[in-house]
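Letter by letter, the chains look like this.
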Amino acid sequence: MRKRYIFRYRSVSLRCFSILLRVPAWCKNASVKVNGQHIDIAGQVTEQGFISIQRTWHSGDSIELYLPMEVRELPRPQGATGIALGPLVFALHIGEEWTRLPDTPGFGDWEVRPRTPWNYGLTVPANQALSDIYHVERGPLSMPPFGQEQTAVRIHTNGYKLPEWTLVQNSAGPLPLNPVVTADNMSEPITLIPYGCARLRIAEFPRVRRLESI
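Below is a summary of the structure that appears in this document. (Residues numbered from 1 in each chain as written. Predicted model: local features only at pLDDT ≥ 70, side-chain atom pairs only at ≥ 80, totals over all residues. Heavy atoms only, no water.)

1. As for the overall build of the protein
Summing up its helical and strand segments, the protein has one helix and 19 strands in all. The C-alpha atoms of the protein give a radius of gyration of 23 Å, which is well past the 17 Å a tight globule of 214 residues would have. Its C-alpha atoms put the protein at 70 × 55 × 30 Å along the principal axes. Relative to its 214 residues, the protein shows a buried fraction of 36%. The contacts in the protein between residues at least 6 apart in sequence include a share of 70% that link residues at least 24 apart. With an accessible surface of roughly 13,200 Å², the protein has 53% of that area assigned to carbon and sulfur atoms. One way to put it: in the protein the 23 positive side-chain charges average out to a point 9 Å from where the 19 negative ones average out. (Helix = DSSP H or I, 4+ residues; strand = E, 2+ residues; numbered from the N terminus. Rg over C-alpha atoms; globule rule 2.2 N^0.38 Å. Buried < 20%, exposed > 50% of the residue type's maximum accessible area, 1.4 Å probe, protein only. Contact = heavy atoms within 4.5 Å. Areas by Shrake-Rupley, 256 points an atom, 1.4 Å probe, with all protein chains shown as cover. Lys, Arg positive; Asp, Glu negative; His and termini not counted. Charge placed at Lys NZ, Arg CZ, Asp CG, Glu CD.)

Shown next as structure tokens:
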């Protein structure tokens, strides 16, 4: 996933005009360089999310736009939370069990059910940076790009299994009330993958506060 974008200006003559650079709302620490020199953009991002750079441009001038992608929480209804990295929303990596339905000719109709636990909650950070709780793993982009087993980016963290969160009519039931009190020994490693890579999708997690923090 790129976080640096380079633009180069080519022209046979000098020109004075403004260039607008888009800074997405998810990026809180964007930075800009022109010809290798930092440009002070503090307070310069408009409500629409643009930075304007006005100057006389020479052929060969370059602009470097840095858009750091950081883990962030997404507040959800009922006190739940989602997890995103830059523009990507993440979902729990769930093992799958595929079963072909009877009497379905040709390619057939299939159903998929979870093969691994899915009912996890996430901790409420207490004076901890999200980067200390959610660990980002990056790798090469595979083909197909939305394959589940070789995703280009993953987030590793600890989840807390919630036995009271069960299936209702073969779908995840209503989220438990938040925060959920659970024993510390119920924590186990889980992996989050981009939402588009998941077929069984849990992307809203109950907030869990551990017993010793109550």
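2. Re the packing of aromatic side chains
Under the criterion given, the structure shown has four aromatic pairs. On the numbers, 6.1 Å between centres and 35° between planes, the contact of phenylalanine 17 with tryptophan 57 is tilted. Of this pair, phenylalanine 17 sits in strand 2 (residues 15-22) while tryptophan 57 sits in strand 5 (residues 50-57); the two residues are 40 residues apart in sequence, bridging distant segments of the chain. Owing to a relative accessible area of 1%, tryptophan 57 belongs among the buried residues under this scheme. Consider the rings of tryptophan 118 and tryptophan 165, whose centres lie 5.0 Å apart with planes at 75°: the pair is edge-to-face. In this pair, tryptophan 118 is assigned in the loop between strand 11 (110-114) and strand 12 (120-123) and tryptophan 165 in the loop between strand 14 (153-161) and strand 15 (167-168), connecting sequence segments 47 residues apart. Neither tryptophan 118 nor tryptophan 165 differs from the other in exposure class; each is buried. By way of ring pairs, the aromatic residues Tyr9, Phe17 and Trp57 are connected into one cluster. One cation-aromatic arrangement involves arginine 22 over phenylalanine 50; the distance from NZ or CZ to the ring centre is 5.6 Å. (Phe/Tyr/Trp six-rings, centres within 6.5 Å; stacked < 30°, edge-to-face > 60°. Lys NZ or Arg CZ within 6 Å of the ring centre and 35° of its normal.)

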